Amino acid sequence: MAKRLPAQSNRRNPSLFQQLSHVHALEANVLGGVIKEKDALTSVVDILKPDSFQDERHLAIYQAILHLFGKSEPIDLLTVTSQLRQNGELAFVGGASYVSKIMASSTVAHIEQDARIIVQYAIRRNIVNILDHVKNKAFEDTTDVYGLMDSTEQSLREIQEGNLNKNIPELSAVIQKTIEEIKNKSDQNAEHSNVPSGFPSLDRITGGFHNTELIIIAARPGMGKTAFVVSALRNAAIDFKLPVALFSLEMSAQQVMVRLISAEAEIDSQQLRKGELAADDWHALHSRLNNLSTAPIYIDDTPALSILELRTKARRLKAFHNIKMVIVDYLQLMTAGNMKKGMNREQEIAAISRSLKTLAKELNIPVIALSQLSRSVETRGGDKRPQLSDLRESGSIEQDADVVMFLYRPEYYDIETLEDGSSTKGYAEMIIAKNRSGGTEDVKLRFIGKYTRFAEFDGFHVSAEEYEQQTGITLGSKANNM
């Protein structure tokens, strides 16, 4: 059989090994105990991995033991040495005499504790090796620093996740946890796990924006995508007291804030931009601005943001501010950075959408990404209602998304009346075209252009009590009306 491959580079740091040479005795004791006692392996097999061993000889012995264990064969001195011989590694480990020696001198009294100490040393070695790699790459002029930060965080997270205790829980524990989650969702006074949009008619269908989900909101330019998500952001942060992050690639933070102020103070956005405010407007501005100034809203307006930069910043916001939702405005303005070289634009958008879905799962929050629709909408006849095939540049957006919604205003296409003869002025629909967690329906909304905001179709304000009755979702503060 072929000889063993060389040791992996991420398991070697000579200066550290000199300081931790006594781990050799721990490894020998654990391996000897496993060979000596037939039930000892069950105590350490979920703790120790092959890469946990510092000594290459001990790694070879442990792999032979695992091979025997996988075939349900007995583990003793004869079977282990026989397996090492088949692997062509018996001479490498020091022969049968070395295996016999560690077995004879071992004790199983504290074998599980010894195994955990071995893992701690392995984690230290891996961390040092990662930091050595980061130091070397950081001095290279060609290094993408955001990509380096992203890969470093990922490597450290893999170490953490790879060494978590993953024992299978008892079925009773799973049942109990499931019942507790159901109870929490049914309890009106419990903190909601999803992020409400603040639009009762929409949340009645979707249940809010769900954790781990990628939500795509698509429309043609000028239809009001940004106005909608800014309205939803305002509702989540002010009415529900939930920290929300907006990555605005198209508008500056100040432009977004003008929209928020216009909607909150009910002041014409054009007057705000021009600074043409009456005395009553200034009073409304100052009286209602406190809601915004204390709201947990985080706006990043970095242009041409790469997916690696976004992931790094979102992780920071999650760690330091425990954000509950991320909004990206909009997907087609993002770049894949150096994550994928030599890709066409469609492949790049596909990589970005997959990364956004991964980010939602990683941070356990909903990620909303705005998206442009292709011009094929404009060339169609009729009412030009959008459909899934209109998603621009990548069919993978539809595949990666858990929810796809289209914002549609017939007034945009100079359609003056609806089928029932009513005016289209201010009329809007949120078309739920895909929804893995629920149904697909069309939700009527009202667009208030001068305030650049959306509201319920049947009324500008909805009280907290009415919202709870319609959706079953409890507001963070009942003193706030929407």
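Structure first, text after, so check above.
As a starting point, this report considers the structure included with it.

Procedures and definitions
- Residues numbered from 1 in each chain as written.
- Predicted model: local features only at pLDDT ≥ 70, side-chain atom pairs only at ≥ 80, totals over all residues.
- Heavy atoms only, no water.
- Buried < 20%, exposed > 50% of the residue type's maximum accessible area, 1.4 Å probe, protein only.
- Helix = DSSP H or I, 4+ residues; strand = E, 2+ residues; numbered from the N terminus.
- Pairing = 2+ DSSP bridges.
- Axes fitted to C-alpha atoms, helices over the stretch in contact; angles between N-to-C directions.
- Expected span 1.5 Å × (residues − 1).
- Salt bridge = Lys/Arg side-chain N within 4 Å of Asp/Glu carboxyl O.

### Considerations on the pairing of strand 4 (residues 325-329)
Phase 1 of the analysis: Judged by how many residues are buried, strand 4 sits mostly within the fold: five of five residues are covered.
Phase 2 of the analysis: Here strand 4 shows a buried face lined by Met-325, Ile-327 and Asp-329 and a second buried face lined by Val-326 and Val-328.
Phase 3 of the analysis: As judged from the five bridges shared by strand 2 (residues 244-248) and strand 4, these two strands associate in the parallel manner. Residue Val-244 lies in a different strand from strand 4, and its bridge partner there is Met-325.
Phase 4 of the analysis: In this structure, strand 4 lies alongside strand 5 (residues 367-372), joined through three bridges in parallel fashion. Each bridged residue has a counterpart across the sheet, and for Ile-327 the counterpart in strand 5 is Ile-368.

### Observations regarding the sheet that holds strand 2
Phase 1 of the analysis: With mixed pairing, nine strands are arranged side by side in an open sheet as 3-2-4-5-1-6-7-8-9. Single-partner strands in this sheet number two, and they are strand 3 (297-300) and strand 9 (453-456). Between one strand axis and the next, the sheet turns through 25° on average, direction left out of account.
Phase 2 of the analysis: Pairing geometry for strand 2 and strand 3, over four bridges, is parallel. Residue Leu-246 lies in a different strand from strand 3, and its bridge partner there is Ile-299.

### Notes on helix 8 (residues 111-138)
Phase 1 of the analysis: Compared with the 40 Å implied by 1.5 Å per residue over 28 residues, the 41 Å span of helix 8 between its first and last C-alpha is a close match.
Phase 2 of the analysis: Those residues of helix 8 lying buried are Ile-111, Asp-114, Ala-115, Ile-118, Val-119, Tyr-121, Ala-122, Arg-125, Asn-126, Asn-129, Ile-130 and Val-134.

### Concerning the pattern of salt bridges
Phase 1 of the analysis: In this structure the tally under the stated criterion is 13 salt bridges.
Phase 2 of the analysis: Here Arg-116 and Glu-112 are joined by a salt bridge, their closest N and O atoms 3.1 Å apart. Of the two residues, Arg-116 and Glu-112 both sit in helix 8, four residues apart, roughly one turn of that helix.
Phase 3 of the analysis: Given a relative accessible area of 37%, Glu-112 falls into the partly exposed group.
Phase 4 of the analysis: Across the pair Asp-402 and Lys-357 runs a salt bridge whose closest N-O atoms are separated by 2.7 Å. Here the residue Asp-402 occupies a position in the loop between helix 19 (396-400) and strand 6 (403-408), and Lys-357 occupies one in helix 17 (residues 345-363), the gap between them amounting to 45 residues.
Phase 5 of the analysis: Look at Asp-402 and you get buried, because its relative accessible area is 7%.
Phase 6 of the analysis: In the salt-bridge network here, residues are joined through shared partners; they are Glu-153, Arg-315, Arg-316 and Glu-362.

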